[in-house]
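Fold and geometry: a report
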Amino acid sequence: MIEFVQHAVPTQADLENLAQALQSDRSDVAVSSAAFSLRLSAPFRASLSGSHLLIEVGDAHADALRERALRVDIDLGALSARAWTDRYATYPLCYRADRTTSIAIASRADALAATPTLRSQTLYDYLYFHMIPAPETVFPDVLRLPPGSRLTLSSGKAPTVERWWNPRFSPARSGSFETLKKDFLAIVRRGVAREATGHYAAFLSGGTDSSTVVGMLCREHGPVRAYSMGFEAEGYDEMEYARLAAKHFGASHHEHYVTPDELVAAIPKVAAHYDQPFGNSSALPAYILSQIARDEGYDKLLAGDGGDELFGGNSRYAKNRVFGFYDNVPGVLRAVLEPLLASPLGKLPLASKGASYVEQARVPMPARNEMYNMLLRLGPDNIFTADFLAQIDRRAPLALQQSVWDSVDADDDLNRELGFDWRFTLADNDLPKVIGTTSLAGLDVGFPLLSDELLDFSLGLPLDYKLKGFDLRWFFKEALRGFLPDEIITKKKHGFGLPFGHWALRHDGLNALSRASVQGTVDRGIVRPQFADALFAEHLPAYPGFYGEMVWILMMMDQWMQRHSRSGPSTRAVQ
């Protein structure tokens, strides 16, 4: 954890006190003077040379960070600072961007909030994305440094942010499968070995990624403790695959079936732990498993995140390939088809699918993916009050997505989608989920499948090795055939999905918590009371899987606001 604020040039005595504090054996450092204040805790380390303060974690060379790392270089004499995030910003860094005569940086956005006011735009963005993507935060004038970026801060000047790392996708036209397989397996082994430090265990969902990590640990380092989550709900439980992987590799397997009572107890704690609203519903299972691992004496968990995004495993990739075929339809034929399918004839049973296909295929990426966005499907005018909507730009989320899409250095849509997902799926969502929940339980976490070496390997992989026809991440699965059980290679991806909507209907405690939380968003003037009433009276009972997600993100936002809004839980502290 880092918190640093500087208002003036320090005296020599200030520098001497800082140097003395940094030389102590304590893992936590807290130094304060009229010129600056610094709070620092493990795993960060700091050193002082003259008036230059260097704070870093991991392999943090400027413009060349490796693996999980962060570097902050502060010139105390000039009231200026430079900072670098790693490729996925796994150690977050926030900063104030209000051009005052001070500079301020921190690991958490809430540590830099100058007022209790929250930004309406980023609350809307949160409900759109189910998280708040960088660079924005929920606090006015507080920004978060995106992944692979370099920040320059100077007193009285606007901050500047540049990319120090922007990968180039350069897929080979062909390659020897056996050679690439050999290289791939060696890289995965090295990644697992690098993360197998301390007293470690591993998550095990039963999918290909977590099973690969557990399998490599068992084969290379001996039996490992593996933690799996199950749910007593049809369509959500995949414990059979986790059991299969554990038995296949000889792991020491811990199975835990989560209950609604556990959710009621954990929801407020998990919501409050994050520095701004965070709505990934699988955070709760991850936290519960992390607690169990901590109680059993482990200090680190290894996770399998990254395989889908590096090697082409998301079903959207195959779906968008189908839509891409429409780009090859001659313009003359389009001129005939499109008006015909848009006419009443397009509503006929046989023509309606064609009309739907053309409608989606005509929308360019990344906007096409948002045609099924929950917020847009339900309609912002139906959900939010007029006063709230008057403060937001509905185009902002897609504008951010478009800017990231355009920045990906790739010549094909598949790799462009992967680079896009490295930002929105990994850096802004899945990794904060795992890092946040494990840290709340007091654990470190490692991501063997996100090593820089494996990422670089994926950049040059032939395109059809990622998506062969419509076969998702073909190379990854074929390279592991014979190592993983066939049943796991051919199963559909699921992970730690949560049957929240179904449980909220029949568990009194969960129903009461979710109703009270959604009402909190009404009391703050964000959500229309009519929508909140219909959500529980009509929508959730009819479609608990779909509308349960809407209840979840509203509930987690309100739970966070209750514990972070200094104006109180019922104050309309938004702008």
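Residues numbered from 1 in each chain as written. Predicted model: local features only at pLDDT ≥ 70, side-chain atom pairs only at ≥ 80, totals over all residues. Heavy atoms only, no water.

1. Comments concerning the overall build of the protein chain
In terms of helices and strands, the protein chain carries 24 helices and 19 strands. Computed over C-alpha atoms, the radius of gyration of the protein chain comes to 25 Å, within 12% of the 25 Å expected from 2.2 N^0.38 for 575 residues, which places it in the range of a compact globule. Its C-alpha atoms give the protein chain principal-axis dimensions of roughly 80 × 60 × 55 Å. By the burial criterion, 57% of the 575 residues in the protein chain qualify as buried. Intrachain contacts of the protein chain at a sequence separation of at least 6 include 71% that bridge at least 24 residues. With an accessible surface of roughly 23,700 Å², the protein chain has 51% of that area assigned to carbon and sulfur atoms. For the protein chain, the distance from the average position of its 59 positive side-chain charges to the average position of its 69 negative side-chain charges is 3 Å. (Helix = DSSP H or I, 4+ residues; strand = E, 2+ residues; numbered from the N terminus. Rg over C-alpha atoms; globule rule 2.2 N^0.38 Å. Buried < 20%, exposed > 50% of the residue type's maximum accessible area, 1.4 Å probe, protein only. Contact = heavy atoms within 4.5 Å. Areas by Shrake-Rupley, 256 points an atom, 1.4 Å probe, with all protein chains shown as cover. Lys, Arg positive; Asp, Glu negative; His and termini not counted. Charge placed at Lys NZ, Arg CZ, Asp CG, Glu CD.)

2. Concerning helix α6 (residues 260–273)
The end-to-end C-alpha distance of α6 is 20 Å, a good match for the 20 Å that 14 residues give at a rise of 1.5 Å each. Most pronounced at Ala266, the bend in α6 amounts to some 40°, and the proline Pro268 follows within four residues. Among all positions in α6, only Pro260, Leu263, Ala266, Ile267, Pro268, Val270 and Ala271 are buried. For α6, the elements touching its buried residues are α7 (283–295), α16 (413–440), α21 (500–506), α22 (508–523) and α24 (544–564). (Expected span 1.5 Å × (residues − 1). Bend = angle between axes of the 7 residues up to and from the residue.)

3. Regarding the environment of Arg225
Following the sequence through the fold, Arg225 ends up in strand β14 (residues 225–230). The sequence separation of Arg225 and His253 amounts to 28 residues, and the corresponding C-alpha distance is 5.9 Å. Here Arg225 is in contact with Ala201, Ala202, Ser252, His253, His254, Glu296 and Tyr298, once residues within four sequence places are set aside. Within the structure, Arg225 has its side chain in polar contact with the side chain of Ser252 (distance 2.9 Å). (Polar contact = N/O pair within 3.5 Å; in protein donor to acceptor, adjacent residues only side chain to side chain.)

4. A few points about the packing of aromatic side chains
Going through the model one piece at a time under the given rule, you end up with 32 aromatic pairs. Between Phe249 and Phe483 the ring centres are 5.0 Å apart and the planes differ by 40°, which places this aromatic pair in the tilted class. Residue Phe249 is found in helix α5 (residues 239–249), and its partner Phe483 is found in the loop between α19 (474–479) and α20 (486–490); the two are separated by 234 residues along the sequence. Residue Phe249 shares its accessibility class with Phe483, and that shared class is buried. On the numbers, 4.8 Å between centres and 45° between planes, the contact of Phe420 with Phe424 is tilted. Separated by four residues within a single helix, Phe420 and Phe424 lie in helix α16, roughly one turn from each other. (Phe/Tyr/Trp six-rings, centres within 6.5 Å; stacked < 30°, edge-to-face > 60°.)

5. So, the side chain of Thr385
With respect to the element layout, Thr385 can be found in the loop between α13 (380–383) and α14 (386–389). For Thr385, a relative accessible area of 17% translates into the label buried. Not counting chain neighbours up to four residues away, the residues in contact with Thr385 comprise Gly525, Ile526, Val527 and Arg528.

6. Focus: the confidence of the model for the protein chain
Summary statistics for the protein chain give a mean pLDDT of 93 and a share of 97% for residues scoring 70 or more. Scored below 50 in pLDDT, residues 567–572 shows 11 contacts in the model against residues more than four places distant or in partner chains. (pLDDT = per-residue confidence, 0-100.)

7. Things to note about the environment of Gly235
Position of Gly235 relative to the elements: it lies in the loop between β14 and α5. Residue Gly235 is classed as exposed on the basis of its relative accessible area of 64%. Taking C-alpha positions, Gly235 is 30 Å from His273, a pair spaced 38 residues apart along the chain.

8. Comments concerning the pattern of salt bridges
The final tally for this structure, using the stated rule, is 34 salt bridges. A salt bridge links Arg316 to Asp421, with the shortest nitrogen-to-oxygen separation between them at 2.8 Å. Placement of the pair is Arg316 in helix α9 (residues 315–324) and Asp421 in helix α16, with a sequence separation of 105 residues. Overall, Arg316 belongs to the partly exposed group, its relative accessible area being 24%. Note that Asp558 and Arg524 form a salt bridge whose closest N and O atoms lie 2.4 Å from each other. Of this pair, Asp558 sits in helix α24 while Arg524 sits in the loop between α22 and α23 (529–542), placing them 34 residues apart in sequence. Like Arg524, Asp558 is buried. Through salt bridges with shared partners, one network takes in Arg66, Arg87, Asp452 and Asp456. (Salt bridge = Lys/Arg side-chain N within 4 Å of Asp/Glu carboxyl O.)

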